[in-house]
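Residue-level listing of the chains:
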Amino acid sequence: MANTKEVAMLFDASHCTGCRGCQVACKQWNVLPSPLGLNANKFTGSLQAPLDLNGDTRLIMTFDEQPSGNKFHPINWAIGRRSCFHCTDAGCVQACSSGALQKDERGIVTYDTEKCNGCTFCQAACPFDVPRFRPTDGRIDKCTLCIDRVEEGRKPACVHTCQPEALHFGPRDEMLKKAHERVEFLKKKGFDKAEVYGENECGGLHIIQVCVYGHEAYGLPTNPEPKKVLNTIELMKPVTAVGAAAVVGALAVSFLANLGYRREKVTLEEAKASWTPEQRAKAEAESKAVLEAQKSGKAAKH
């Protein structure tokens, strides 16, 4: 029987060497493609590669260098980790229009690819801008915390491959205890801004981070909260007499209204162009079901 205790991953930035072995392990275990053509990966002048998450990349290590003002330690080299944080108050789960995203009792935000309809509401709702649209199949992709490995009592692939032991995995309370002990040690060594990130953010994250130079140095938001995505059902009500096509139009309005939350903008037409016939049929069926439910509700009132 699978362990149902709340779990978490701990990333200790003070131990990370920036080798990016975790990125490779994530790609290998989850069979995620990378560009293989000549010069397909353009040099950006940064050790960070790729520069951001995408539909085929669930994890990237981030690099930030800032002068410290300390002659003995002149550069604060903040090596961070960017992937799904598996929030307790998961905005992506709340916004998901198809039930593809769910949070289990361990705190892992699971993802059913077959249920995804490509609406991208999850990306709009996520305060960390993590789920990414994959044009090749018209669906969203993100870290699953290697739930297939966890179900077998194994560690996530990135944790398993980490040589400097910057990554740990286990019960959440134990990971928090370890994080606080490390921060206390770092502060004694002169790292005054060292802190634990993820204990309370978004109801408590299941990716806990030890930030040596404070969370801002790693591009982490202060007091993140799920973005409020428009209530799609309320948006549909004015067009119930028009039919399913108008409902899809209402969905488009909701989608476009939330583009401001996203760094990498995808237009509705770009998203719909990648929908499979099955996804289109599913969207129409869901729209018709909403309309029928609304009509039944009105008939009951009369």
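Presented here is an overview of the structure given in this document. Computed from a predicted model, the values in this text were never measured in an experiment.

Definitions and cut-offs
- Residues numbered from 1 in each chain as written.
- Predicted model: local features only at pLDDT ≥ 70, side-chain atom pairs only at ≥ 80, totals over all residues.
- Heavy atoms only, no water.
- Salt bridge = Lys/Arg side-chain N within 4 Å of Asp/Glu carboxyl O.
- Buried < 20%, exposed > 50% of the residue type's maximum accessible area, 1.4 Å probe, protein only.
- Helix = DSSP H or I, 4+ residues; strand = E, 2+ residues; numbered from the N terminus.
- Pairing = 2+ DSSP bridges.
- Expected span 1.5 Å × (residues − 1).
- Arc of directions from axis to C-beta.
- Contact = heavy atoms within 4.5 Å.
- Patch = residues over 30% accessible without salt bridge, like charges linked within 9 Å, V, L, I, M, F, W, Y side chains within 5 Å.
- Areas by Shrake-Rupley, 256 points an atom, 1.4 Å probe, with all protein chains shown as cover.
- Phe/Tyr/Trp six-rings, centres within 6.5 Å; stacked < 30°, edge-to-face > 60°.
- Axes fitted to C-alpha atoms, helices over the stretch in contact; angles between N-to-C directions.

Focus: the pattern of salt bridges
Turning to step 1, where the next piece is worked out: For the coordinates displayed, the defined rule picks out 11 salt bridges.
Turning to step 2, where the next piece is worked out: A salt bridge links aspartate 137 to arginine 134, with the nearest nitrogen and oxygen atoms 2.9 Å apart.
Turning to step 3, where the next piece is worked out: Overall, the relative accessible area of 12% leaves arginine 134 in the buried class.
Turning to step 4, where the next piece is worked out: Linking arginine 134 and aspartate 141 is a salt bridge whose minimum nitrogen-to-oxygen distance equals 3.3 Å.
Turning to step 5, where the next piece is worked out: You can call aspartate 141 buried: its relative accessible area is 3%.

Regarding the pairing of strand β10 (residues 207–211)
Turning to step 1, where the next piece is worked out: Among the 5 residues in β10, 5 count as buried, and that is most of the element.
Turning to step 2, where the next piece is worked out: Residues Ile207, Gln209 and Cys211 of β10 are buried on one face, and the alternating residues Ile208 and Val210, pointing to the opposite face, are buried as well.
Turning to step 3, where the next piece is worked out: With 4 bridges connecting them, strand β1 (residues 7–12) and β10 associate as parallel partners. What sits directly across from aspartate 12, in β10, is valine 210.
Turning to step 4, where the next piece is worked out: As paired strands, strand β9 (residues 195–197) and β10 are joined by 3 bridges and run antiparallel to one another. Note that in β10 the partner of glutamate 195 across the bridge is cysteine 211.

What about helix α6 (residues 172–188)?
Turning to step 1, where the next piece is worked out: The end-to-end C-alpha separation of α6 is 25 Å, in line with the 24 Å expected for 17 residues at 1.5 Å each.
Turning to step 2, where the next piece is worked out: Those residues of α6 lying buried are Arg172, Met175, Leu176, Ala179, Arg182, Val183 and Leu186. End-on, the buried residues of α6 take up no more than an arc of 130°, which puts them together on one face. Seen from the buried face of α6, the exposed residues on the opposite side, beyond 90 degrees, are Lys177 and Lys188.
Turning to step 3, where the next piece is worked out: Where the residues of α6 are buried, they touch β1, β8 (167–171), β9 and β10.

Here's the deal with a nonpolar patch on the surface
Turning to step 1, where the next piece is worked out: Where nonpolar side chains cluster on the molecular surface, the patch consists of Leu47, Ile75 and Trp77 and spans about 270 Å² of accessible area.
Turning to step 2, where the next piece is worked out: By the secondary structure assignment, tryptophan 77 is in strand β3 (residues 75–82).
Turning to step 3, where the next piece is worked out: Tryptophan 77 sits in the partly exposed class, given a relative accessible area of 38%.

What about the packing of aromatic side chains?
How two aromatic rings sit relative to each other is set out by the distance from centre to centre and by the angle between their planes.
Turning to step 1, where the next piece is worked out: In the structure shown here, the tally under the stated rule is 3 aromatic pairs.
Turning to step 2, where the next piece is worked out: Taking the centre distance of 6.1 Å and the plane angle of 70° together, the rings of phenylalanine 191 and tyrosine 213 count as edge-to-face. Linking phenylalanine 191 in the loop between α6 and β9 with tyrosine 213 in the loop between β10 and α7 (232–236), this pair joins segments that are 22 residues apart in sequence.

Focus on the sheet that holds β10
Sheets are built from strands paired through backbone hydrogen bonds, the pairs being either parallel or antiparallel.
Turning to step 1, where the next piece is worked out: With mixed pairing, the 4 strands of this open sheet are ordered in space as β8-β1-β10-β9. The open sheet has two edge strands with one neighbour each: β8 and β9. Geometrically, the sheet is characterised by an average inter-axis angle of 25° between neighbouring strands, direction not taken into account.
Turning to step 2, where the next piece is worked out: The sheet contacts of α6 involve β1, β8, β9 and β10, and relative to β8 the element is tilted by about 135°.

Observations concerning helix α1 (residues 21–29)
Turning to step 1, where the next piece is worked out: Buried residues of α1: Cys22, Gln23, Ala25, Cys26 and Lys27, and no others.
Turning to step 2, where the next piece is worked out: In the core, the buried residues of α1 are packed alongside β2 (60–67), α5 (157–161) and β8.
Turning to step 3, where the next piece is worked out: Downstream of α1 by one or two residues, valine 31 has phi in the positive range, about 50°.

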